[in-house]
Amino acid sequence: MTTTPRTALRLVMYLRVSTGGQLDGYGLDTQESDCRRWAKKHGHKVVKVCTDGAVSGKTADDERPGLTEALGIIAAGEADGILAPTLDRVARELTVQEAALSVIWAYGSRAFTVDHGEHVADDEDDPMRKFVRQVMGAAADLERGLIAKRLRNGRKTKAAAGGYAHGAPAYGQKAVDKELTEDDDEAAVLAQMRTWQAEGLSIRAITAKLNEAEIPTKRGGRWHPTTVNRLLSPDARAAARQQSAHARAAEREQTKRSRADRILHRLT
């Protein structure tokens, strides 16, 4: 562990919690307490606390306002360095980690974490320093990927067994203690919709009846024919799921391209 000098420094504190809730229970309050305790112990002053709530550690720095703010404070000379609980709170993806550190060091500032002390800038005469840091960063990146994979596999296994895996429950159902159960009120409405359909009413006629009776949708809004059709037609439901899957895939690809474009812009 690096020994931190006793010279008092102005530090900007950076804290982050991940998307989808805190899997490790290391919330913002605990992170801040750990950082303040460390700063007090080593005689440093925290001049600003910057946070990113529910932001993935693989997200690029320019998509994280808290990290961007912290780096801006350092660039403006208003702080002598950055303090985070751990380096993987700054970033779990190695490329984001190294980009953030390069900005900090480029302005002559310093990087500290509670669990390590100072992360000293790279030195051509000490290549092992950079190697060890990047290996640790790659390990954090791998851990993130393994956690995500376990979660995906768990959801798939649960869904295959007929359990409630994720997402909003379908109309007629509700989640209780992470398990699906029937919503009596919605189930009654769904049964009435099927009765109307059996009597020969069209989808538009059923939609009109629901709205006339002021029966709310799952989200409390008005009914539309496409929504009613998805509930009453298995083929329509399957098509809607497929369309949503394509839309999510396209969004992921667009995000990757946007990040690549930003990196290319920086390089040029």
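Here goes a summary of the coordinates provided. Nothing here was measured: the structure is a model prediction, and the numbers come from that model. (Residues numbered from 1 in each chain as written. Predicted model: local features only at pLDDT ≥ 70, side-chain atom pairs only at ≥ 80, totals over all residues. Heavy atoms only, no water.)

Remarks on the nonpolar core
Right, so step 1: Val12, Ile82, Val90 and Ile104 are the most contacted members of the largest nonpolar core, which has 18 residues in total.
Right, so step 2: Secondary structure elements with two or more residues in this core: strand S1 (10-16), helix H2 (65-75), strand S3 (81-84), helix H3 (87-90) and helix H4 (94-106).
Right, so step 3: A per-element tally of this core places H2 first, with five residues.
Right, so step 4: Core analysis: the next-biggest nonpolar cluster, separate from the first, contains eleven residues, Met193, Trp196, Leu210 and Leu231 among them. (Core = buried A, V, L, I, M, F, W, Y, C linked by side-chain atoms within 4.5 Å. Buried < 20%, exposed > 50% of the residue type's maximum accessible area, 1.4 Å probe, protein only. Helix = DSSP H or I, 4+ residues; strand = E, 2+ residues; numbered from the N terminus.)

Quick notes on the side chain of threonine 113
Right, so step 1: By the secondary structure assignment, threonine 113 is in strand S4 (residues 110-113).
Right, so step 2: With a relative accessible area of 1%, threonine 113 lands in the buried category.
Right, so step 3: Within the local environment of threonine 113, its side chain forms a polar contact with the side chain of aspartate 115, the two groups lying 2.9 Å apart.
Right, so step 4: Setting aside residues no more than four positions away along its own chain, threonine 113 makes contact with Trp38, Leu83, Ala84, Pro85, Thr86, Leu87 and His119. (Polar contact = N/O pair within 3.5 Å; in protein donor to acceptor, adjacent residues only side chain to side chain. Contact = heavy atoms within 4.5 Å.)

Here's the deal with helix H7 (residues 203-212)
Right, so step 1: Among all positions in H7, only Ile206, Thr207, Leu210 and Asn211 are buried. Taken around the axis of H7, the buried residues stretch over an arc of 135 degrees, which confines them to a single face. Turned more than 90 degrees from where H7 packs its buried face, Arg204 and Glu212 sit exposed.
Right, so step 2: In this fold, the buried residues of H7 make contact with helix H6 (184-198) and helix H8 (225-232). (Arc of directions from axis to C-beta.)

Topic: the packing of aromatic side chains
Right, so step 1: Overall, the coordinates contain two aromatic pairs when judged by the stated rule.
Right, so step 2: On the basis of an interplanar angle of 45 degrees and a centroid distance of 5.6 Å, the ring pair of tryptophan 38 and phenylalanine 112 is categorised as tilted. Here tryptophan 38, found in helix H1 (residues 28-41), pairs with phenylalanine 112, found in strand S4; they are 74 residues apart in sequence, far enough to count as distant.
Right, so step 3: We classify phenylalanine 112 as buried; its relative accessible area is 1%.
Right, so step 4: The interplanar angle of 80 degrees and the centroid separation of 5.2 Å between the aromatic rings of tyrosine 171 and tryptophan 223 together place this pair among those described as edge-to-face. Of this pair, tyrosine 171 sits in the loop between helix H5 (127-160) and strand S6 (173-176) while tryptophan 223 sits in the loop between H7 and H8, and the two are 52 residues apart along the sequence. Each member of the pair tyrosine 171 and tryptophan 223 is classed as buried. (Phe/Tyr/Trp six-rings, centres within 6.5 Å; stacked < 30°, edge-to-face > 60°.)

Some thoughts on the packing of H6 against H8
Right, so step 1: Interhelical geometry of H6 versus H8 gives an angle of 90 degrees and a closest axis separation of 11 Å. The angle between H6 and H8 falls in the class roughly perpendicular. The segment H6 lies against H8, with Leu190, Met193, Arg194 and Gln197 engaging Val228, Leu231 and Leu232. (Axes fitted to C-alpha atoms, helices over the stretch in contact; angles between N-to-C directions. Parallel < 35°, antiparallel > 145°, perpendicular 65-115°, else oblique.)

Quick notes on the pattern of salt bridges
Right, so step 1: For the structure shown, the criterion picks out seven salt bridges.
Right, so step 2: Glutamate 32 is the salt-bridge partner of arginine 36, the closest N and O atoms lying 2.9 Å from each other. A residue pair is termed a helical-turn pair when its members lie 3 or 4 positions apart in one helix, as arginine 36 and glutamate 32 do in helix H1 at four residues.
Right, so step 3: Taking relative accessible area as the criterion, arginine 36 reaches 39% and is therefore assigned partly exposed.
Right, so step 4: A salt bridge links lysine 218 to glutamate 186; the nearest nitrogen and oxygen atoms lie 2.9 Å apart. Here the residue lysine 218 occupies a position in the loop between H7 and H8, and glutamate 186 occupies one in helix H6, the gap between them amounting to 32 residues.
Right, so step 5: Taking the relative accessible area as the measure of exposure, lysine 218 reaches 35% and is therefore partly exposed.
Right, so step 6: For glutamate 186, a relative accessible area of 13% corresponds to the buried category. (Salt bridge = Lys/Arg side-chain N within 4 Å of Asp/Glu carboxyl O.)

Observations regarding a nonpolar patch on the surface
Right, so step 1: A cluster of nonpolar side chains, Met128, Phe131, Val132, Val135 and Met136, forms an exposed patch at the surface whose accessible area comes to about 500 Å².
Right, so step 2: Take methionine 136: it is sitting in helix H5.
Right, so step 3: Take methionine 136: its relative accessible area is 56%, and that puts it in the exposed class. (Patch = residues over 30% accessible without salt bridge, like charges linked within 9 Å, V, L, I, M, F, W, Y side chains within 5 Å. Areas by Shrake-Rupley, 256 points an atom, 1.4 Å probe, with all protein chains shown as cover.)

Describing the packing of H7 against H8
Right, so step 1: Here H7 crosses H8 at 110 degrees, and the two axes come no closer than 9 Å. Here H7 lies roughly perpendicular to H8, going by the angle between them. Contact with H7, carried on its side by Ile203, Arg204, Ile206, Thr207 and Leu210, involves Pro225, Val228, Asn229 and Leu232 of H8 and no other residues of that element.
Right, so step 2: Considered class by class, the residues forming the contact of H7 with H8 number six nonpolar, two polar and one charged. (Nonpolar A, V, L, I, M, F, W, Y, C, P; charged D, E, K, R; others polar.)

Let's talk about unusual backbone geometry
Right, so step 1: Of note in the backbone geometry, glutamate 214 takes a positive phi value of approximately 55 degrees without being a glycine.
Right, so step 2: On the secondary structure map, glutamate 214 appears in the loop between H7 and H8.
Right, so step 3: For glutamate 214, a relative accessible area of 70% translates into the label exposed.

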